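The residues making up each chain are set out below.
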Amino acid sequence: MKKLFAVALGILTAIGGFVDIGDLVTNAVVGSRFGLGLAWVVLVGVVGICVYAQMSGRVAAVSGRATFEIIRERLGPRAGLANLAASFLINLLTVTAEIGGVALALQLATSVDPMWWIPVAAFGVWIVIWRARFDLLENVTGLLGLTLIVFAVALFMLSPDWGSLADQALRPGPPADEPVATYWFYAIALFGAAMTPYEVFFFSSGAIEEKWTEKDLAKSRLNVLVGFPLGGLLSIAIAGCAAVVLLPASIDVTSLSQVVLPVAEAGGKVALSFAIVGILAATFGAALETTLSSGYTLAQYFGWSWGKFRRPARAARFHLAMIVCILVAVAILATGVDPILVTEYSVVFSAVALPLTYLPILIIANDREYMGDKVNGRGMNLVGTIYLVIILVAATAAIPLLIVTGAGA
Amino acid sequence: MARVATSVAVVAVVALAAALTGCASAASTLNDATGQGLAAVQTAALVVEQELDDRTFPTTATATLGDARRELVAASTAASETDVTASSDAELREAVLEALDEGLRAVNDARDAMAGLGSLEATLPSLEQAAEQLEDLEAQASTAAQTAAASTAGAGAEPSAGAEVGRA
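Residues numbered from 1 in each chain as written. Chains lettered and ligands numbered in written order. Predicted model: local features only at pLDDT ≥ 70, side-chain atom pairs only at ≥ 80, totals over all residues. Heavy atoms only, no water.

Draft legend 1. Summary view of the overall build of chain B. Looking only at helices and strands, chain B has six helices and zero strands in total. Reading chain B from its N end, one meets helices and strands in the order α-α-α-α-α-α. Relative to its 168 residues, chain B shows a buried fraction of 36%. Partitioning the intrachain contacts of chain B with sequence separation of at least 6 by distance along the chain shows that 75% fall at a separation of at least 24. Entry remark: accessible area of chain B is about 8,800 Å², with carbon and sulfur atoms responsible for 56%. (Helix = DSSP H or I, 4+ residues; strand = E, 2+ residues; numbered from the N terminus. Buried < 20%, exposed > 50% of the residue type's maximum accessible area, 1.4 Å probe, protein only. Contact = heavy atoms within 4.5 Å. Areas by Shrake-Rupley, 256 points an atom, 1.4 Å probe, with all protein chains shown as cover.)

Draft legend 2. Representation of the packing of aromatic side chains. All names here are of chain A. Evaluated as defined, the whole model comprises 19 aromatic pairs over all chains. Note on Phe34 and Tyr186: the rings are 5.8 Å apart at their centroids and 55° apart in plane angle, and the pair reads as tilted. Of this pair, Phe34 sits in helix α2 (residues 21-34) while Tyr186 sits in helix α10 (residues 180-194), placing them 152 residues apart in sequence. Accessibility expressed as a relative area gives 6% for Tyr186, which makes it buried. Ring geometry for Tyr296 and Phe318: centres 5.6 Å apart, planes at 20°, overall stacked. In this pair, Tyr296 is assigned in helix α14 (residues 261-302) and Phe318 in helix α15 (residues 316-334), connecting sequence segments 22 residues apart. As far as burial versus exposure is concerned, Tyr296 and Phe318 are alike and both buried. (Phe/Tyr/Trp six-rings, centres within 6.5 Å; stacked < 30°, edge-to-face > 60°.)

Draft legend 3. Just the pattern of salt bridges, in detail. Residue and element names in this part refer to chain A. Counted according to the given criterion, the structure contains twelve salt bridges over all chains. For Arg65, the salt bridge is made with Glu73, and the minimal N-O distance between the two is 2.6 Å. Under the relative-accessibility criterion, Arg65 is labelled partly exposed at 29%. Taking the relative accessible area as the measure of exposure, Glu73 reaches 46% and is therefore partly exposed. (Salt bridge = Lys/Arg side-chain N within 4 Å of Asp/Glu carboxyl O.)

Draft legend 4. Representation of the nonpolar core within the structure. All names here are of chain A. Membership of the largest hydrophobic core comes to 171 residues, with the highest contact counts inside it found for Leu38, Ile99, Phe151 and Tyr358. The element contributing the most residues to this core is α14, with 16 residues. Leaving out residues up to four positions away in the same chain, Ile99 has contacts with Ile118, Ala121, Ala122, Ala287, Ile326, Ala329 and Leu333. Counting residues in each nonpolar core, the second largest holds ten residues, with Leu84, Leu298, Tyr301 and Cys325 among its members. (Core = buried A, V, L, I, M, F, W, Y, C linked by side-chain atoms within 4.5 Å.)

Draft legend 5. Up close: the interface of chain A and chain B. If you look at the interface, chain A gives 28 residues, while chain B gives 22 residues. When chain A packs against chain B, close to 2,200 Å² is buried across both sides, 61% of that on carbon and sulfur atoms. Among the residues of chain A in contact with chain B, Leu261, Glu265 and Lys269 of chain A are the three that bury the most area, contributing 24% of the side total. For the pair chain A and chain B, the number of links is three salt bridges. Ionic pairing is found between Asp338 of chain A and Arg70 of chain B, a salt bridge with its closest N-O pair at 3.9 Å. Where chain A touches chain B, the interface holds eleven residue pairs in polar contact (both at pLDDT 80 or more). (Buried area = accessible area lost by both parts, 1.4 Å probe. Polar contact = N/O pair within 3.5 Å; in protein donor to acceptor, adjacent residues only side chain to side chain.)

Draft legend 6. A look at unusual backbone geometry. With phi around 65°, Ser111 of chain A is a residue other than glycine that occupies positive phi space. With respect to the helices and strands, Ser111 of chain A occurs in the loop between α5 (77-110) and α6 (114-131). For Ser111 of chain A, a relative accessible area of 31% corresponds to the partly exposed category. The backbone of Asp54 of chain B shows a phi angle near 60°, a positive value even though the residue is not glycine. Looking at where Asp54 of chain B falls in the secondary structure, it is placed in the loop between α2 (26-52) and α3 (58-80).

Draft legend 7. Representation of the packing of helix α3 (residues 39-63) of chain A against helix α18 (residues 378-404) of chain A. Residues and elements named next belong to chain A. One can describe the packing of α3 onto α18 by two numbers: an axis separation of 10 Å at closest approach and a directional angle of 120°. The orientation of α3 with respect to α18, classified from their angle, is oblique. For α3 against α18, the interelement crossing comes out left-handed. Here α3 contributes Val44, Val47, Gly48, Val51, Gln54, Met55 and Arg58 to the contact with α18, which in turn contributes Met380, Val383, Gly384, Tyr387 and Ile390. The class makeup of the residues in the contact of α3 with α18 is eight nonpolar, three polar and one charged. (Axes fitted to C-alpha atoms, helices over the stretch in contact; angles between N-to-C directions. Parallel < 35°, antiparallel > 145°, perpendicular 65-115°, else oblique. Left-handed = near helix turned anticlockwise from the far one by under 90°. Nonpolar A, V, L, I, M, F, W, Y, C, P; charged D, E, K, R; others polar.)

Draft legend 8. Just the layout of surface pockets, in detail. Residue and element names in this part refer to chain A. Volume-wise, the second largest pocket comes out at about 680 Å³. Around the second largest pocket sit 33 residues that line it, and Gly10, Thr13, Glu138, Asn139 and Glu210 are the ones nearest its centre. Of all the secondary structure elements, the ones that give two or more residues to the lining of the second largest pocket are α1 (2-18), α7 (134-145), α11 (197-209), α12 (217-245) and α14. Residue contributions to the lining of the second largest pocket peak at ten residues, all from α1. Residues of the lining of the second largest pocket, tallied by class, amount to 15 nonpolar, ten polar and eight charged. (1 Å grid on protein atoms, 1.4 Å probe; cavity = no way out; pocket = protein on both sides within 12 Å on 5 of 7 lines; lining within 4 Å. Points joined across faces, edges and corners; volume = space filled by probe spheres on them.)

Draft legend 9. Quick peek at the side chain of Ser255 of chain A. Along the polypeptide, Ser255 of chain A turns up in the loop between α12 and α13 (256-259). For Ser255 of chain A, a relative accessible area of 4% translates into the label buried. Beyond its immediate chain neighbours, meaning those up to four positions away, Ser255 of chain A contacts Ile340 of chain A together with Asp67 and Arg70 of chain B.

Draft legend 10. Region of the structure containing the environment of Ala60 of chain A. Residue and element names in this part refer to chain A. Structurally, Ala60 is set in helix α3. Along the backbone, Ala60 and Ala82 are 22 residues apart, and their C-alpha atoms lie at a distance of 22 Å. Apart from residues lying up to four places away in sequence, Ala60 is in contact with Arg65, Ser204, Ala207 and Ile208.

Draft legend 11. Structural context of helix α8 (residues 150-157) of chain A. Residues and elements named next belong to chain A. If you check which residues of α8 are buried, you get Val150, Phe151, Ala154 and Leu155. With its buried residues spanning 145° around the axis, α8 presents them on a single face. Of the surrounding secondary structure, the elements contacted by the buried residues of α8 are α2, α9 (162-170), α12, α13 and α14. Phi for Ser159, located one or two positions after α8, is positive at around 45°. (Arc of directions from axis to C-beta.)

Draft legend 12. Highlighting the environment of Cys50 of chain A. Residues and elements named next belong to chain A. Among the structural elements, Cys50 can be located in helix α3. For Cys50, a relative accessible area of 8% translates into the label buried. Remark: the alpha-carbon pair of Cys50 and Asn223, spanning 173 residues in sequence, is separated by 9.5 Å. Other than its neighbours up to four places away in sequence, Cys50 contacts Val224, Leu225, Phe228 and Pro229.

Given below as structure tokens:
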């Protein structure tokens, strides 16, 4: 019974923890401009993150080492450092977006300018990381994030023309008034939002934090293979809500306040309350995960003592690095930059940086020295290689499309 | 050698991108500004309706109206900074600026009403009127942008044809 509860909890937190500010914003933007014409990208992204997380979780559980320890060991210090720099900077951008997202969610609840909430959100992230146990911070935010299911409920309550939605999803392509380049730019943004590298840094480092062994592999596989796809359905529901309410009204999403309009339209204040709690939990949880991921990547590369299972005094540089990251994120947001804009850039650059960490994990997952008999099977290698090609294409096309489309304008 | 080739490729891509992004016609910029303004006004109208039906929280409605106002100001700035070379574009710019201004006033009235100054219900017709105007202008700007794009493409393919259009 205890095991069953642990599995259920893992799946539920994986669902609730799947959606972050990048998913919320990008899916709503895409839904309001393309309807469900890019839903297929969510499916591709969800399968990709399942493959990636499943491999990195297995590598961590079997070898007892997290992603960046292995990347340095396998690629060498120089290539590893270049890899670290790119991954760390993207992660820092994501920390900034998530803290900004918390401030925007608090603005929806209070109407107080988000600039006032940014230091509060940052302090909240720091104190929770400093004080709370790893499982507590992961489970509480993940479970509260489940309230985002209200987007799926709202979609049903809006009584949409399901045939039209299905038609949009099954006949993908840009609408007549949208350029093809913009369509593909958002396809990459959506892919980057679904396959954010921090999720994997956090997942694999979490495996070490929770002292996974080979015995835990089945549980982790269930978490990933059930939790992430259900999280992906939530993402599609967010896009669906925007497609039903915002697209016909010519409302292109540019702010978080527009993301919740369909929910209020469908379910009034009760539904809106759930949505705001869900967004707050999702962004706060992701802010914790990205901040921890910043500490993990640095500490693992430089060989510092790290982990929430250690007292802060015993992992001083790990904690100091996270404090500096939070302060840098606050400084960026204090310039007045729009957190939604930061989010849009962070998901695109996530796609750009993805090969840097995906490729080493794919290589190590095939290395018998590290993995013994737990190396990738043929099927897994086939899927992993197909995804390597997709990731490389997305990473190569992202910046040219960003420039040509004026960031999807 | 490989480095030189890479550098040339990067410069070519950046130059092409700069050319593609920098060549937006006045009508295209005005089309974007109108679309941005229309989205903001429609957002404001939707949230005002929700507030009147008691389907949203006043805090959320106020935040949404604040975001809509910010978008309208940005659209207005973009439109007013658009350089035009034809009188038809100048007329379009004036009309767009007027419509955006009307939308901005309506959103401001709604924000004021949320703060207890005036009736929120009374702002709805102004928002709807501003939305209608922007919708019409968006259609006009879109047609003008398509015409401009077609003539640019024609000029690119056959320079003499462009010269003819210019003389005409």
